[in-house]
Amino acid sequence: MSHTEADLVQLLHTGPFHLALRTALAVRGLPLQRVQHHLAHRGIRVGVTSLSYWQQGARRPQRPESLKAVRALEEVLQLPGNSLLRLLSGDAAGRVEVERPAGRSYRSLVEVSGSVEELLAELESPADGGLHTVGHHERVRIGAARELVGRESQHVVRAHRDGVDRYLAIHHGDPGCDPSRVAVRAVENCRTGRVRWHEETGVVVAELLFDARLRAGDTHLFSYGFEDGTAGPSGEYVRGFSFAGGQYALQVHFDEAALPVRCRRFAQTSAGAPRGGRAELTLSGRHRTVHVVEQGVRPGILGIDWDWS
C-alpha cells in the first residue's frame, strides 16, 4: 500500500500509533536498520525487532527508555513534537470506539450505560471493534412538535486490525421514546444487520454490515440514520467520545413551525464536570440550522442545547 504525506498528516491526527509510525517510515523512505543507526547516534539503543513490532502493532512502547526512543523517532522522521507520544497516550488501539448514545443529557447517558453494555453483549460485540473515526458528520432533525424526528450520519472510519466488517451504532431517544418504533436506515456502503433495543431506557443498538472485510489501514465511508419521532420535546443533542478521534460536525435543523429562541454549543471534560466552551449559535434564516465543528475530537462531551422560551 502506497502512502502519501496527506496520509501521514491524517494518521498523526487520528492514530493509531503503529499505523502512524509505519506510514512515517514509508513516506520518509527509511528502512528500520537506518532508523536504528540514527537512534544510536543519539545515544538510544533500540533493536530492529522492537521497531518492527512497534510498527506492526504487536507491541507498544511503554517503558521510560522506550518512550525516550519514540521522542527521538519524531526527530529522525521529521515529525511534529509529541505527535507520536500523543497517540500513545490517547490511542484507542486495542479498544472499541463505541459511540455513546445521543439525544439526551449526558447524566442520563451514564444511567443507561448498563443497558448499552447488555445490548452490545447480546450482539456479541468484541472488546476491540477495530475501528477509529476519521470523520463523522451528523445531522439532527427537530420536528414541528419540538421532537427529535431523526438523525443521519456520514461516517469515515479506519481499521486498525484486519477482518473488520461491521459497525455498531447506538441511538438513545428522549423521555417517552418507544425504541420498538425507531427505524434504522442503512443509506450508503452498509446494510442493516441485527437490531436490539431496551424498552425502559429507549436505547437502540444497530449492527451495520460492510460489503467487505477491511484490512488494517483501510478506510471506509458509510451513511446511516435513525428515524424516531416517538418522544416528547427535545432540548439538547449531545455526543460523548471515549477516545480521541478525527473531525466531528453536528448540525441541528428545526422545523419552521418550532423555532428555538436561543441555541448554544457546549463541551464537558467528563459527566460530572461543569459545562464549558459555551458559545451562542445563530440560527440560519432560510435553512433554520445551527452547527458546530470540532477538528480534532478529544475524550469528553460535545453538544448543542436550545431554549424554546
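This structure is a prediction, so every number in the text was calculated from the model and none was measured.

Undergrad: Explain the sheet that holds strand β2 (residues 148-159) here, please?
TA: Hydrogen bonds between backbone groups are what pair the strands of a sheet, and the pairing can be parallel or antiparallel. Pairing in this open sheet of six strands is mixed, and the strands run β4-β7-β2-β1-β9-β12 from one edge to the other. Of all strands in the sheet, those with a lone pairing partner are β4 (183-188) and β12 (289-294), marking the two edges. Neighbouring strand axes in the sheet, compared pairwise and without regard to direction, differ in orientation by 15° on average. Relative to strand β7 (residues 219-227), β4 runs antiparallel, the two being bridged by five bridges. What sits directly across from valine 184, in β7, is phenylalanine 226.

Undergrad: Would you mind going over the sheet that holds strand β6 (residues 203-214) with me for this structure?
TA: The sheet built from three strands is open, its strands ordered β3-β6-β5 with antiparallel pairing. A strand with exactly one partner marks an edge of an open sheet, and here the two such strands are β3 (164-172) and β5 (191-198). Going from strand to strand, the sheet's axes swing by 20° on average, the running direction of each strand aside. Where β3 lies against β6, eight bridges are found, and the strand directions are antiparallel. If you follow alanine 169 over to β6, its bridge partner there is alanine 206.

Undergrad: Explanation requested: the layout of surface pockets in the structure shown.
TA: Rolled over the atoms, a probe as big as a water molecule pinpoints where empty space is left. For the second largest pocket, the calculated volume is near 250 Å³. As for the second largest pocket, its lining consists of 17 residues, and the residues nearest its centre are Val46, Ser50, Trp54, Arg63 and Ser66. Listing elements by their share of the lining of the second largest pocket, those giving two or more residues are α4 (48-56) and α5 (64-76). Ranked by the residues each element gives to the lining of the second largest pocket, the list is headed by α5, at four residues. Looking at the lining of the second largest pocket, its residues break down into six nonpolar, five polar and six charged.

Undergrad: How should the pattern of salt bridges be read in this particular structure?
TA: Oppositely charged side chains can pair when the atoms bearing their charge come close. Counting across every chain of the model gives 23 salt bridges. Residues glutamate 138 and arginine 239 are paired through a salt bridge, measuring 2.6 Å at the closest nitrogen-oxygen approach. Residue glutamate 138 is located in strand β1 (residues 131-142), and its partner arginine 239 is located in strand β8 (residues 236-241); the two are separated by 101 residues in the primary sequence. A relative accessible area of 2% means that glutamate 138 is categorised as buried. Here arginine 141 and glutamate 227 are joined by a salt bridge, their closest N and O atoms 2.7 Å apart. Placement of arginine 141 in strand β1 and of glutamate 227 in strand β7 is noted, with a sequence separation of 86 residues between them. Here the salt bridges share partners, and the residues they tie into one network are Glu236, Arg262, Arg264, Arg275, Arg278, Asp305 and Asp307.

Undergrad: Would you mind going over the environment of valine 292 with me for this structure?
TA: Mapped onto the elements of the fold, valine 292 is located in strand β12. Sequence separation between valine 292 and leucine 250 is 42 residues, and the spatial gap between their C-alpha atoms is 5.4 Å.

Undergrad: So what exactly am I meant to see when it comes to the side chain of threonine 133 here?
TA: On the secondary structure map, threonine 133 appears in strand β1. You can call threonine 133 buried: its relative accessible area is 13%. A polar atom in the side chain of threonine 133 sits 3.0 Å from the side chain of histidine 155.

Cut-off values and rules
Residues numbered from 1 in each chain as written. Predicted model: local features only at pLDDT ≥ 70, side-chain atom pairs only at ≥ 80, totals over all residues. Heavy atoms only, no water. Pairing = 2+ DSSP bridges. Helix = DSSP H or I, 4+ residues; strand = E, 2+ residues; numbered from the N terminus. Axes fitted to C-alpha atoms, helices over the stretch in contact; angles between N-to-C directions. 1 Å grid on protein atoms, 1.4 Å probe; cavity = no way out; pocket = protein on both sides within 12 Å on 5 of 7 lines; lining within 4 Å. Points joined across faces, edges and corners; volume = space filled by probe spheres on them. Nonpolar A, V, L, I, M, F, W, Y, C, P; charged D, E, K, R; others polar. Salt bridge = Lys/Arg side-chain N within 4 Å of Asp/Glu carboxyl O. Buried < 20%, exposed > 50% of the residue type's maximum accessible area, 1.4 Å probe, protein only. Polar contact = N/O pair within 3.5 Å; in protein donor to acceptor, adjacent residues only side chain to side chain.

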